[in-house]
Amino acid sequence: MASPRHEGQPLVSDFQEASSCYGISLTELTDMNENKDREKLESMGGVQGLAKALSTSTSDGVTLAAQGDLSLAHRQRIFGANAFKEVKQKAFLSLLFGNLKDPTLILLMVAALVTNLSITNTCLL
């Protein structure tokens with residue numbers, strides 16, 4: 001029985017398959033990326049070595065010639081979708097009222113209010 005997965009996310013069994021199809025496992029690739037592990041990257045031969053392990057090109061990306069038996073669908077199943085998660089944007093009023101808590105803005109609003117009151121009082125005299 002396959003593990004449940006979110007759309008575009010790899011299955012648990014795909015972690016092992018990545019190592020056998022490519023020169024690096026999904027876990028190693030994720031760790032190298034998240035931890036900014038330069039030593040691991042250099043041990044693979046730098047960016048060119050990593051591209052070779054992933055059967056891709058640094059200039060052309062994934063090409064049909066470089067794939068061999070590995071299809072794009074197979075890569076997506078192994079590594080997941082190459083997309084950012086969509087982040088819900090905040091409403092304008094939410095941002096506006098959230099920024100009203102900023103001490104600098106509060107100080108500027110108080111200064112504007114004091115200035116306005118002093119100008120109003122001077123005009124009335």
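Residues numbered from 1 in each chain as written. Predicted model: local features only at pLDDT ≥ 70, side-chain atom pairs only at ≥ 80, totals over all residues. Heavy atoms only, no water.

## Describing the overall build of the protein
Reasoning step 1: The secondary structure content of the protein amounts to eight helices and zero strands.
Reasoning step 2: Taken from the N to the C terminus, the helices and strands of the protein come in the order α-α-α-α-α-α-α-α.
Reasoning step 3: A buried classification covers 19% of the 125 residues belonging to the protein.
Reasoning step 4: In the protein, the share of contacts with a sequence separation of at least 24, taken over all contacts with a separation of at least 6, comes to 46%.
Reasoning step 5: Summed over its atoms, the accessible surface of the protein is roughly 10100 Å², and 60% of this surface lies on carbon and sulfur atoms. (Helix = DSSP H or I, 4+ residues; strand = E, 2+ residues; numbered from the N terminus. Buried < 20%, exposed > 50% of the residue type's maximum accessible area, 1.4 Å probe, protein only. Contact = heavy atoms within 4.5 Å. Areas by Shrake-Rupley, 256 points an atom, 1.4 Å probe, with all protein chains shown as cover.)

## Regarding helix H4 (residues 46–53)
Reasoning step 1: Turning to H4, its buried residues number three or more, namely Gly46, Gly49, Leu50, Ala51 and Ala53.
Reasoning step 2: Looking at the residues trailing H4, positive phi occurs at serine 55, about 55°.

## Here's the deal with a nonpolar patch on the surface
Reasoning step 1: Together, Phe92, Leu93, Leu96, Phe97, Leu100, Leu105, Ile106, Leu108, Met109, Val110 and Val114 make up a nonpolar patch on the protein surface, roughly 1000 Å² of accessible area in all.
Reasoning step 2: Elements with a minimum of two residues in the nonpolar patch: helix H7 (92–99) and helix H8 (103–124).
Reasoning step 3: Structurally, the position occupied by leucine 105 is in helix H8. (Patch = residues over 30% accessible without salt bridge, like charges linked within 9 Å, V, L, I, M, F, W, Y side chains within 5 Å. Salt bridge = Lys/Arg side-chain N within 4 Å of Asp/Glu carboxyl O.)

## Concerning the pattern of salt bridges
Reasoning step 1: One pass over the full model with this rule turns up one salt bridge.
Reasoning step 2: Salt-bridge contacts for lysine 40 lead to glutamate 28; the nearest nitrogen and oxygen are separated by 3.4 Å. Placement of lysine 40 in helix H3 (residues 38–43) and of glutamate 28 in helix H2 (residues 26–34) is noted, with a sequence separation of 12 residues between them.
Reasoning step 3: Given the relative accessible area of 32%, glutamate 28 is considered partly exposed.

## Topic: unusual backbone geometry
Most peptide bonds are trans, and most residues other than glycine sit at a negative phi.
Reasoning step 1: In this structure, lysine 36 is a non-glycine residue whose phi angle is positive, near 50°.
Reasoning step 2: Here lysine 36 lies in the loop between H2 and H3.
Reasoning step 3: Exposure remark for lysine 36: the relative accessible area of 66% places this residue in the exposed category.

## Structural notes on a negative patch on the surface
Reasoning step 1: Taken together, the side chains of Asp31, Glu34, Asp37 and Glu39 make up a negatively charged region of the molecular surface.
Reasoning step 2: Within the secondary structure, glutamate 34 sits in helix H2.
Reasoning step 3: Glutamate 34 sits in the exposed class, given a relative accessible area of 59%. (Lys, Arg positive; Asp, Glu negative; His and termini not counted. Charge placed at Lys NZ, Arg CZ, Asp CG, Glu CD.)

## A short note on the nonpolar core
Generally speaking, soluble globular proteins have nonpolar side chains that are buried together.
Reasoning step 1: Ile24, Met32, Leu41, Met44, Leu50, Ala53 and Leu54 together form the largest nonpolar core, which totals seven residues.
Reasoning step 2: Leave out the neighbours within four places in its chain, and leucine 54 touches Tyr22, Ile24, Leu29, Arg75 and Phe79. (Core = buried A, V, L, I, M, F, W, Y, C linked by side-chain atoms within 4.5 Å.)

## Some points on the environment of glycine 80
Reasoning step 1: Take glycine 80: it is sitting in the loop between helix H6 (72–79) and H7.
Reasoning step 2: Exposure remark for glycine 80: the relative accessible area of 11% places this residue in the buried category.
Reasoning step 3: Considering only alpha carbons, one finds glycine 80 and leucine 26, 54 residues apart in sequence, at a separation of 9.5 Å.

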